[in-house]
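Architecture and fold: a report
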Amino acid sequence: MSKKESHSTSHEEQFEIAIVGGGICGLILAIGLLKRNVKITIYEQSQSFREIGAGVAFTANAIQCMRLIHPGIVDALKTVATSNGNPDDPNDYLQFADGFNQKEDEESKIIFKLYAGYRGFEGCHRAHLLDELVKLVPDNVVRFCKRLDHYVDPGDEGKLKLYFEDGSTAEADAVIGCDGIKSKVRRILLGEENPASYPTYSHKSAFRALIPMDRAASALGDELARNQRMHLGPSAHLLHFPVAHQSLLNVVAFLDDSTERSYSSRLSEPGSKQEVVQAFASWGPTVRTITNLLDDEMDKWFIFDTNDHPAPKYASGRVCIAGDAAHAASPHHGAGAGIGVEDALALSRLLELVTESMEKGGRASKQEALTAAFAAFDAVRRERTQWFVGSSRMICNVYELNNAETGNDMDKIYEEIKWRSHKIWHFDIDGMLRQVEDQYKGKLDGDNIPKSML
Ligand SMILES: Cc1cc2nc3c(=O)[nH]c(=O)nc-3n(C[C@H](O)[C@H](O)[C@H](O)COP(=O)(O)OP(=O)(O)OC[C@H]3O[C@@H](n4cnc5c(N)ncnc54)[C@H](O)[C@@H]3O)c2cc1C
């Protein structure tokens, strides 16, 4: 009897997915799976869903994926999203400015504008978005204060067992690690000794702040304060965009940081306004005005990513990783969460296909179908997401005039930023969905799942 035939009675069984981590990706994935009647439980280490008090923006690719995962996610985003510029006539262009320009005339500082598509840049306050997303997730599928310690995979048979740091355990047919940049699932999947299990420090720090819009607008003028702008310059850059229905200005200042930091270091610590003011002291008046608006105390984030040691696989058997857990990137394209939303769409569709396989009573057991789904996810998502991680690091050098190819040639800088941004924004989502389906069917029918993934 073949391996597949030996499972022929299990096709009617439902399956249950454990999602480890309830950040943006875990929650959006959960909403997508619930919509497709997949049984899930989210295990989150915190006492409640939490996001830091900072802004996040979504570009066209992410918004379209949200729509396909569950239209309610787009409604949630629209409830909290802030238009770029005039709400009645949003500005769909991202602006790149010469941060060193010493003139007072704002318009003269803009080097180029990039069309992001109709409402192709939606900024919001992270905590506000989370509050809306949570409304789409019933309480009974969430377990808080559950910090995963490890899991045990019994192989082909039976359920996976999850062990939490509080001593409790749980079971599931498959595990999806959405547990962020310091993912435990990734470490177990790739092995403790594997350098790819750990993110490394990019030697960039990010100072993040939210400034009340009335203060920002009176210092900068309405036009500048209510529109996104990226200020470029040597070895640093500064980004701002409005959030919270234009009641707050989200500011992120990126600086070099020569300190050595390891995986176990903290991701953030209190930073001081003085450090930022000093770093931008010789920049133009616009940037100096913005840094002077900052609060005395602000958060300083150390930017880690997976660029140096990309994961050789995103799945093994019935375990996979998605979002930052799989491909944490530095934030210079402003699209890491959006790329995680693409993952959530791919996984939602794949697990829907598993349900369909089970309902049709195909030859595959649910273990085989789940393994095929995760192998398909790996096959389709790894190349784009790892390109994104590398491009995020690279584009930082372009912004900061440190890239050998583009230097301080603004035409070359424009072309480089344009094609990379377009590759992110104009993603062929239908093509991705076709690919995941083809891959899934191929892996289910054939035996082309690499040994390393079983
Ligand atoms: C300065 C900065 C600006 C950014 N700006 C943007 C932007 O404008 N647009 C954009 O698209 N992206 C942006 N990003 C990237 C974006 O923030 C991330 O890609 C995104 O938040 C990752 O979401 P996630 O759900 O994968 O991980 P996380 O948000 O990190 O969520 C992981 C969750 O898992 C939980 N967890 C961790 N370990 C365990 C465990 N062992 N057991 C149980 N639970 C666990 C955590 O508590 C957390 O809730 C930015 C990033 C930075 C640093």
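All figures in this text were calculated on a predicted structure; none of them were measured in a lab. (Residues numbered from 1 in each chain as written. Predicted model: local features only at pLDDT ≥ 70, side-chain atom pairs only at ≥ 80, totals over all residues. Heavy atoms only, no water.)

Here we take up the overall build of the protein chain. Per the secondary structure count, the protein chain includes 14 helices and 19 strands. Taken against the 2.2 N^0.38 rule, which gives 22 Å for 454 residues, the C-alpha radius of gyration of the protein chain at 23 Å falls within 12% of a compact globule. Overall size of the protein chain, expressed as C-alpha extent along the three principal axes, is 80 × 45 × 45 Å. Here the protein chain, with 454 residues, has 58% of them falling under the buried criterion. In the protein chain, the proportion of contacts linking residues at least 24 apart, taken out of those at least 6 apart, comes to 75%. Approximately 18500 Å² of the protein chain is accessible, and the part contributed by carbon and sulfur atoms is 47%. (Helix = DSSP H or I, 4+ residues; strand = E, 2+ residues; numbered from the N terminus. Rg over C-alpha atoms; globule rule 2.2 N^0.38 Å. Buried < 20%, exposed > 50% of the residue type's maximum accessible area, 1.4 Å probe, protein only. Contact = heavy atoms within 4.5 Å. Areas by Shrake-Rupley, 256 points an atom, 1.4 Å probe, with all protein chains shown as cover.)

All right, on to the pairing of strand β3 (residues 55-59) then. Of all five residues that make up β3, five are buried, and the element is covered over most of its length. Neither face of β3 is open: one carries Gly 55, Ala 57 and Thr 59, the other Val 56 and Phe 58, and all of them are buried. In the sheet, β3 pairs with strand β6 (residues 121-125) via five bridges, with the strands oriented antiparallel. Bridging from a neighbouring strand, Phe 58 pairs with Glu 122 of β6. (Pairing = 2+ DSSP bridges.)

This paragraph deals with the site of the ligand. The full set close to the ligand counts 30 residues, and Glu 44, Ala 57, Arg 126, Leu 148 and Asp 324 are the nearest of them. Arg 126 is positioned such that a nitrogen or oxygen atom in its side chain is 2.8 Å from an oxygen atom of the ligand. One of the backbone nitrogen or oxygen atoms of Leu 148 is found 2.9 Å away from a nitrogen atom of the ligand. The protein chains hide 86% of the 1000 Å² of surface that the ligand would expose on its own. Secondary-structure elements contributing two or more residues to the shell around the ligand are α1 (24-35), β3 and α11 (336-360). When residues in the shell around the ligand are grouped by element, the largest group, three residues, is from α11. (Near = heavy atom within 4 Å. Polar contact = N/O pair within 3.5 Å; in protein donor to acceptor, adjacent residues only side chain to side chain.)

Looking only at helix α6 (residues 213-220), the buried set comprises Met 213, Ala 216, Ala 217 and Leu 220. Buried residues in α6, looked at end-on, bunch into an arc of 95°, giving them a common side. Along α6, exposed side chains directed more than 90 degrees from the buried face belong to Asp 214 and Ser 218. Where the residues of α6 are buried, they touch β12 (200-212), α7 (222-225), β14 (236-243), β15 (248-256) and α9 (285-293). (Arc of directions from axis to C-beta.)

Another aspect to go through is the domain arrangement of the protein chain. The domain boundaries assigned to the protein chain delineate domain 1 (1-83 + 120-199 + 308-398 + 426-454) and domain 2 (87-118 + 200-305). With 33 residues of domain 1 at the interface, the matching set in domain 2 holds 33 residues. Along the contact surface separating domain 1 from domain 2 lie one salt bridge. Between the two partners, domain 1 and domain 2, sit 13 residue pairs in polar contact (both at pLDDT 80 or more). At the level of elements, β3, α3 (71-80), β6, α4 (126-134) and α12 (366-399) are the ones that each hand at least two residues to the side of domain 1 that touches domain 2. It is β6 that provides the largest number of residues to the side of domain 1 that touches domain 2, a total of four residues. The residue inventory of the side of domain 1 that touches domain 2, partitioned by class, reads 16 nonpolar, twelve polar and five charged. (Domains from an automatic or database assignment. Salt bridge = Lys/Arg side-chain N within 4 Å of Asp/Glu carboxyl O. Nonpolar A, V, L, I, M, F, W, Y, C, P; charged D, E, K, R; others polar.)

Right, let's get into the sheet that holds β12. Ordered by their spatial adjacency, eight strands build an open sheet running β5-β4-β13-β14-β15-β12-β17-β16, and the pairing between neighbours is mixed. A single partner strand is all that each edge strand has here, and the edge strands are β5 (110-115) and β16 (268-272). Sheet twist, expressed as the average angle between the axes of neighbouring strands with direction ignored, equals 25°. Two elements, β12 and strand β17 (residues 297-305), share six bridges in a ladder whose sense is antiparallel. Pairing of Arg 208 across the sheet is with Asp 299, part of β17. Taken strand by strand, α9 contacts β12, β13 (229-233), β14 and β15, and its axis lies near 65° from that of β14. (Axes fitted to C-alpha atoms, helices over the stretch in contact; angles between N-to-C directions.)

With that settled, the discussion passes to the packing of aromatic side chains. All told, the structure shown has 14 aromatic pairs when counted by the stated rule. Arranged with centres 5.3 Å apart and planes meeting at 90°, the rings of Phe 121 and Phe 241 form a pair that is edge-to-face. A residue pair is termed long-range when its members are at least 10 positions apart, and Phe 121 in strand β6 and Phe 241 in strand β14 qualify at 120 residues. Grouping aromatic residues by their ring pairs yields a cluster made of Phe 96, Phe 112, Tyr 399 and Tyr 414. Above the face of the Trp 301 ring, Arg 208 is positioned so that its terminal group lies 4.9 Å from the ring centre. Across the ring face of Phe 302, the terminal group of Arg 261 is positioned such that the distance to the ring centre comes to 3.6 Å. (Phe/Tyr/Trp six-rings, centres within 6.5 Å; stacked < 30°, edge-to-face > 60°. Lys NZ or Arg CZ within 6 Å of the ring centre and 35° of its normal.)

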